[in-house]
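# Close look at the chain arrangement
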Amino acid sequence: MFVVIFKAKVRQFDDEYSQTAQRMRELAINEFGCMEFNAVTEGDLEIALSYWPSEKHIKAWKQHPEHIKAQQLGKQRWYESYSVEISEVKRSYKSQSTVSLESD
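These notes cover the structure that comes with them. Computed from a prediction, not measured in an experiment: that's the story for all the values here.

In total, this model carries eight aromatic pairs according to the counting rule given. Grouped by ring-pair contacts, the aromatic residues F6, F13, Y17, W78, Y79 and Y82 constitute a single cluster.

This part covers the sheet that holds strand β3 (residues 45-52). The antiparallel open sheet is built from four strands, whose spatial order is β2-β3-β1-β4. The outermost strands of the open sheet, each flanked by one partner alone, are β2 (36-42) and β4 (79-88). The sheet shows a mean angle of 10° between the axes of neighbouring strands, taken without regard to direction. One ladder, built from eight bridges, connects strand β1 (residues 2-10) with β3; its direction is antiparallel. Bridge assignment links A8 to a residue of β3, and that residue is E46.

What follows covers the nonpolar core. Formed by 19 residues in total, the largest nonpolar core has its most connected members in A28, W52, W61 and Y79. Looking at this core, the elements that each hand over two or more residues are β1, α1 (15-32), β3, α2 (55-62) and α3 (65-78). No other element matches α1, which puts five residues into this core.

All right, on to the environment of S83 then. Position of S83 relative to the elements: it lies in strand β4. The exposure class of S83 is partly exposed, given its relative accessible area of 30%. Along the sequence, S83 and E36 sit 47 residues apart, while their C-alpha atoms lie 19 Å from each other. For S83, the residues in contact, after removing those within four places along its chain, are I5, F6 and K7.

Take S54: it is sitting in the loop between β3 and α2. Polar side-chain contacts of S54 include one of 3.3 Å to the backbone nitrogen of K56.

Reading the values: the criteria
Residues numbered from 1 in each chain as written. Predicted model: local features only at pLDDT ≥ 70, side-chain atom pairs only at ≥ 80, totals over all residues. Heavy atoms only, no water. Phe/Tyr/Trp six-rings, centres within 6.5 Å; stacked < 30°, edge-to-face > 60°. Pairing = 2+ DSSP bridges. Helix = DSSP H or I, 4+ residues; strand = E, 2+ residues; numbered from the N terminus. Axes fitted to C-alpha atoms, helices over the stretch in contact; angles between N-to-C directions. Core = buried A, V, L, I, M, F, W, Y, C linked by side-chain atoms within 4.5 Å. Buried < 20%, exposed > 50% of the residue type's maximum accessible area, 1.4 Å probe, protein only. Contact = heavy atoms within 4.5 Å. Polar contact = N/O pair within 3.5 Å; in protein donor to acceptor, adjacent residues only side chain to side chain.

Pasting the structure below:
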């Protein structure tokens, strides 16, 4: 499994950004095998983490025409700067919280 870490300094967001971001998330998951896609924005910083089964999936996603257009809009309008890191996840585990409901 691989993770793409996208970090950006936001210039401005608008309605088109929100629509484009939602479309990119749906496209990645439904057509390119993305297993999970999460993004958070705090102040002028945005971080998005997307998880993929292989680098082949990531490359196909990067080259899709709608994604290329979104990247161009990001450079022109939405982001002051950005970086992308791709890493292989060597180990992953989760903790399940247990909730105990007591009745009187």
